[in-house]
Amino acid sequence: MHHDAGTSTLTTRLVLRLAADLGGDGSADRVLARSGLGDRRAELEGLHGRVPYAVKSALLDAVATELGDPRIGLRLGEAALQDEALAPFRAVVRALGSPEAVLRSVSRVSTRLDTATVFRCLGADPGAARVGWRVLPPNVPNRVDCDYNAGMLRQVTVVFGLPAAEVRHETCQVDGAPECVYEVSWVPRRRTSRRPWRRRPAARTDLDAALLSDERLAILQDAVGDLVCGADLEQTLDRITSRADRALHAPGHLLDVRLPDGTRHVRARGLGSQVADHLGDTVLQPGLQRVGDAEVLAVPVATADRTHGVLAAVLWPGQAFFPEDEAVLAAFARHAAVGLRTSALLAEAREHEETARLLLTVARSLAGQPSVQRIAQAVAEAVPVLSSADRSAVALWESGGESVRVAGASGWSGELADRIARYATDTSQSPELCEIVRHGRPMLVDASGSSWARGVLEEFGVRAMAGVPIAVGKRFVGVVLAHWVHREPPAVLGEPLVERLWGLAGIAGVALENSRLAGEVEWRAAHDALTGLPNRETFEAHLRQLVARDDGSADCAVLFCDVSRLSRVNESLGHEAGDEVLRQVADRLRSVLREGDVLARYSGDQFVVALPGVAATGLAALGDRVAAACTTPVTVAGEDVFVDLVTGAAATDTPDAPAVSARDLVARAAEDLQRAKARLHGGRSTRTASAHELRLETDLHGALARGEIEVHYQPQVDLVSGRVAAVEALVRWRHPELGAVPPDVFVPLAEAGGLIGDLGAHVLREACATVARWRREGLDLDVAVNVSPLQLAAPDFADLVEAVLLETGLPCRALTVEVTESQVLSEAAVRNGHLARLRGLGVGVSVDDFGTGWSSLTQLRRLPVTEVKIDRSFTAGMTDGDGPVVAGVVGLGRGLGLRVVAEGVETAEQVRRLTALGCDRVQGYLVGRPAPAGELAERLHAGPVLPADVPRPRVPVSG
């Protein structure tokens, strides 16, 4: 259905004036009353107004009735020729030059008076023309209006000084024809050689031009009168669209502009709405063009420095514009641009004022917030107030994980509120977060974003969201998030919105930084800077609270932990490495403690733990679990460092000596720590251990010279051939008074007292010489010699081994050095390169006690290992659950191409299982106990060492 395009009030004014002229006083009022328009006289007599076609039709019927003349329409044409208000219209007609030119342009001329109807020229020559006319639906054609058209057509020739034209109207739309057809004829002015065609007088031409100019100026002034005012932007846009019809009347108008903030605004009236629907997202370009069936004239809406968009007038098919219409519309559009600019500036000023007010309110509210969470929540609650968003959140940066976690949210409810409160993401998941962090710029995220973005929007039911970074200086600390759920999200982040969110993010950054600084000062006063743990003062204050509870319902214990050999790390790798060891030990202790336990750094290499609810009976198991946290190596500067944790403990309910205060509890735990250290050095108590240790260390200094140090040998049997393939050299100390001193007692004393170098060299030289002699006697054996980590750290260790091999004549391939990874620093072995050098000579390298917790795949990778030895504890437990462990070690060794030796073999069943698993060699009491060289040599010459009930090898030995 077509919209009523509007009839000029010049026509309604003409009807009322004709009624007054012909009917006398009161006739015009009676016409208005008959037509039901009595209260609209002022409007209907206006010079620049527009009314619906139905109003015109009602007036025509009323005046015909009032004057008793159904053909009164014919008289209207003659009256139009005399009406001074239509002088500009007559000037437009005269400007076309001739009657036939006017009738050819009848579509353009008629549009000035009525766009609810369409005139069209069916043909025009000098003296004759055919014109078609139809009323556009939903309007109904009117017989009086048909006569009005005929009367106007008759006067076309009169305008040019000719007699009135003859008009025949035989085909009429009122009678059902698709349109009225008018046959117009006249006697054209003839040219002769004696009387050439008379030109219009110059005075008339100038007068017409002045009339047209004045008319256009008056129309333009009326149209733009209040465009540049203090109206808001929406009012200005609507006003431009409606006033455009005054500047250039047409069935429709369209305004399509984009403001400085990037927002697009489209307004339309009448037929312009159909054009807007047809264009969709396509932007109309300036110029005369056809869009669908409509004729569109578009001009730029621009100031000297900025183009906002276009303003267009729209005609029905068959209607046409005058050439000067573009200039009129363009002049109006320039005024419209100024109006837009003024409204935009005023809106911007109001926006800045409101933004400043709102941000000041937020800043005041944040000033008293004591925590980061409270600040984040206050900022989140401010986002919907500052923007058009429905919901919001504030996510704070966690630099360690390159991630953000929501710390405050507003507008969410139910399950979504719980989910948003728990939400976190990182830069590896979110390209948008990565961009915000990297470039520090706001971003609008919608369904056109990454797969992560689309997933988040769908998960939370959000149409779009905006993210603005929170930064302190150049440090990214979080992001302010605005979410649009029900409200229409912005197409782009316009300047006002960005300014508000930037301002909010800036205030948030200051508040968060102030909170951080205050928290940091408070934290530093209560914590150890190196490990981040509570310091001694904080720990003791907390412990006092635990011990002083007056309910007496809960026990409390203290665990004192000492990091052994930290000084060795400092000396060999530097104090920075020692600091890193302490940090990693602190992390490991945290990982094994319960929630509610309090771990603190008490002094240089000591940690202390408060254990609420722990009684004396549970301390041993807890101490073992804490100590086990440091059984695996600590990696420092690319090196694996092994440290040991010694613990002491005390509890408030200790039966023999209950602690009654925090200080007493700590002191007793420290005493227990000292006793634990003493036990590690072989003593039963601090006093007796020191005395016994001092005597042994003194006696050990002369043991080599006195011949008290012996080397025993234990055979290793090859499970494929069944023969003794090698022996392990084991050091023994036979004290003249104390008898046999266990190696695990005197070897640590030799290490601590600086004697291990001489002791180890003696064992190496003695073992190599003995096995070299046996080989010359026909016993084809290899020998394994244990090496202390301190020997490996000596700069001349590889030189010593090579010299002993040359001295004794033992082939390099017949020697294997065994490295025990129990509680040692193994980095020296790698850094000095001794093992690599020996392996280059052909000497084997064995990792002893493999699987006890100190050895690892890292050691197998870093050391040039040729053999692993399964610890006796696993061999003994093969029938009690350790079978899979042994199978795993064997499989690992075979997979790495290493020889596997099982220690502690004592039963035939163990041999059977090890043989089935593919173990290479066995060693233990079943094969033979350690014995002096002479005793073992006799046994080897006597024959097989495996008992008769042990299965023989299934694979025959060749050669």
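Keep in mind that this is a model prediction, so the values were computed, not measured. (Residues numbered from 1 in each chain as written. Predicted model: local features only at pLDDT ≥ 70, side-chain atom pairs only at ≥ 80, totals over all residues. Heavy atoms only, no water.)

1. Notes on the overall build of the protein chain
Here's step 1: Counting its secondary structure elements, the protein chain contains 36 helices and 32 strands.
Here's step 2: Split into buried and exposed, the 959 residues of the protein chain put 49% on the buried side.
Here's step 3: The contacts of the protein chain with a sequence gap of at least 6 include a subset with a gap of at least 24, amounting to 65%.
Here's step 4: Carbon and sulfur atoms make up 51% of the accessible area of the protein chain, which totals about 44,300 Å². (Helix = DSSP H or I, 4+ residues; strand = E, 2+ residues; numbered from the N terminus. Buried < 20%, exposed > 50% of the residue type's maximum accessible area, 1.4 Å probe, protein only. Contact = heavy atoms within 4.5 Å. Areas by Shrake-Rupley, 256 points an atom, 1.4 Å probe, with all protein chains shown as cover.)

2. A closer look at the sheet that holds strand β10 (residues 294–302)
Here's step 1: Here we have five strands laid out as an open sheet, ordered β8-β7-β11-β10-β9, and antiparallel in their pairing. At either margin of the open sheet sits one strand with a lone partner, and together these are β8 (264–270) and β9 (287–291). Averaged over neighbouring strand pairs, the angle between their axes works out to 20° when direction is ignored.
Here's step 2: Sheet analysis places strand β7 (residues 252–258) next to β8, joined by seven bridges and oriented antiparallel. Bridge pairing in β8 places L255 opposite R267.
Here's step 3: Against the sheet, helix α12 (residues 233–247) engages β7, β8 and β11 (307–315), with an angle of about 35° to β8.
Here's step 4: Relative to β8, helix α13 (residues 272–279) is tilted by about 140°, and along the sheet it contacts β7, β8, β9, β10 and β11. (Pairing = 2+ DSSP bridges. Axes fitted to C-alpha atoms, helices over the stretch in contact; angles between N-to-C directions.)

3. Describing helix α36 (residues 933–942)
Here's step 1: If you check which residues of α36 are buried, you get A933, L936, A937 and L940. Within α36, the buried residues cover an arc of 105° as seen down the axis, which keeps them to one side. Of the exposed residues in α36, those oriented more than 90 degrees away from the buried face are E938 and A942. (Arc of directions from axis to C-beta.)

4. Side note on unusual backbone geometry
Here's step 1: The amide bond that connects P137 to the next residue, P138, takes the cis arrangement and shows omega of 10°.
Here's step 2: Within the secondary structure, P138 is located in the loop between β4 (128–135) and α9 (143–154).

5. Brief notes about the nonpolar core
Here's step 1: In terms of nonpolar packing, the biggest core is built from 74 residues, with L700, Y713, W774, V783, L810, L815 and L914 touching the most fellow members.
Here's step 2: Of all the elements, helix α27 (residues 756–776) adds the most residues to this core, at nine residues.
Here's step 3: Contact partners of L914, with chain neighbours within four places excluded, come to L719, M878, V886, A902, V905, C919 and V922.
Here's step 4: In this structure, V63, I72, A80 and C146 belong to the second largest nonpolar core, which totals 57 residues. (Core = buried A, V, L, I, M, F, W, Y, C linked by side-chain atoms within 4.5 Å.)

6. Regarding the pattern of salt bridges
Here's step 1: Across all of its chains, the model carries 45 salt bridges by this definition.
Here's step 2: Of the charged contacts in the structure, one is a salt bridge between R40 and E43, with a shortest N-O distance of 2.9 Å.
Here's step 3: When the shortest N-O distance is used, the salt bridge between E415 and R419 registers 3.6 Å. Of this pair, E415 and R419 both sit in helix α16 (residues 414–422), four residues apart, which is roughly one turn of the helix.
Here's step 4: According to the relative accessible area criterion, R419 is partly exposed, its value standing at 21%.
Here's step 5: The structure contains a network of salt bridges with shared partners spanning R13, R17, D83 and E84. (Salt bridge = Lys/Arg side-chain N within 4 Å of Asp/Glu carboxyl O.)

7. Focus on the sheet that holds strand β6 (residues 180–185)
Here's step 1: Spatially, β3-β4-β6-β5 is the arrangement adopted by the four strands of the open sheet, whose pairing is antiparallel. The sheet is open, and its two edges are formed by β3 (117–125) and β5 (166–171), each paired on a single side. Adjacent strand axes in the sheet meet at a mean angle of 20°, parallel and antiparallel pairs treated alike.
Here's step 2: Judged from the eight bridges that link them, β3 and β4 form a sheet pairing that is antiparallel. Residue pairing for β4: F119 is matched across the bridge by W133.
Here's step 3: Across the face of the sheet, α9 comes into contact with β3, β4, β5 and β6 while running at roughly 25° to β6.

8. A look at the side chain of Q319
Here's step 1: For Q319, the location among the structural elements is in the loop between β11 and α14 (325–367).
Here's step 2: Using a relative accessible area of 5% as the deciding quantity, one classes Q319 as buried.
Here's step 3: Among the polar contacts listed, one links the side chain of Q319 to the backbone oxygen of T115, at a separation of 3.3 Å.
Here's step 4: In terms of polar contacts, Q319 uses its side chain to reach the backbone amide nitrogen of W316, at 3.0 Å. (Polar contact = N/O pair within 3.5 Å; in protein donor to acceptor, adjacent residues only side chain to side chain.)

9. Observations regarding the packing of aromatic side chains
Here's step 1: Across all of its chains, the model carries eight aromatic pairs by this definition.
Here's step 2: Look at W397 and F476: their rings are 5.3 Å apart centre to centre, the planes differ by 80°, and that puts the pair in the edge-to-face class. Here W397 is found in strand β12 (residues 391–398), whereas its partner F476 is found in strand β17 (residues 475–484), with 79 residues between them in sequence.
Here's step 3: Seen from their ring centres, F560 and Y602 are 5.1 Å apart, and the 80° between their planes marks the pair as edge-to-face. Linking F560 in strand β18 (residues 556–564) with Y602 in strand β19 (residues 598–603), this pair joins segments that are 42 residues apart in sequence.
Here's step 4: The exposure class assigned to F560 is buried, which follows from its relative accessible area of 2%.
Here's step 5: An aromatic cluster is built from W412, Y423 and F460, whose rings are joined through pairwise contacts. (Phe/Tyr/Trp six-rings, centres within 6.5 Å; stacked < 30°, edge-to-face > 60°.)

10. Some thoughts on the environment of E326
Here's step 1: Position of E326 relative to the elements: it lies in helix α14.
Here's step 2: Under the relative-accessibility criterion, E326 is labelled partly exposed at 40%.
Here's step 3: Beyond its immediate sequence surroundings of up to four residues, E326 is in contact with L297 and V299.

11. Thoughts on the environment of T117
Here's step 1: By secondary structure assignment, the location of T117 is in strand β3.
Here's step 2: As for T117 and P137, which are separated by 20 residues in sequence, their C-alpha atoms are 8.9 Å apart.
Here's step 3: Beyond its immediate chain neighbours, meaning those up to four positions away, T117 contacts Y53, W133, R134, V135, L136 and Q319.
Here's step 4: Side chain to side chain, T117 and W133 meet in a polar contact 3.2 Å long.

12. Some details on the pairing of β11
Here's step 1: Among the nine residues in β11, eight count as buried, and that is most of the element.
Here's step 2: Both β7 and β11 contribute to a ladder of six bridges, which runs antiparallel. Pairing of D256 across the sheet is with V310, part of β11.
Here's step 3: Bridge count between β10 and β11: eight bridges; the pairing is antiparallel. Its bridge partner lying in β11, E295 is registered against L315.
Here's step 4: What sits between the antiparallel neighbours β10 and β11 is a turn of four residues.

13. What to know about α27
Here's step 1: With 21 residues, α27 ought to run about 30 Å at 1.5 Å a step, and its terminal C-alpha atoms sit 30 Å apart, in line with that.
Here's step 2: Of all the positions in α27, only I756, L759, G760, A761, V763, L764, A767, C768, T770, V771, A772 and W774 are classed as buried.
Here's step 3: Within two residues after α27, G778 carries a phi angle of roughly 105°, on the positive side. (Expected span 1.5 Å × (residues − 1).)

14. Here's the deal with the packing of helix α15 (residues 372–386) against helix α19 (residues 495–526)
Here's step 1: The contact between α15 and α19 brings their axes to 10 Å, and the two run at 170°. The pairing of α15 with α19 is recorded here as roughly antiparallel in orientation. Contacts from V372, I375, V379, A382, V383, V385 and L386 of α15 reach α19 at R500, L501, L504, A508, A511, L512 and S515.
Here's step 2: In terms of residue class, the contact of α15 with α19 is built from twelve nonpolar, one polar and one charged. (Parallel < 35°, antiparallel > 145°, perpendicular 65-115°, else oblique. Nonpolar A, V, L, I, M, F, W, Y, C, P; charged D, E, K, R; others polar.)

Take it as geometry only, folks, not as evidence of what the structure does.
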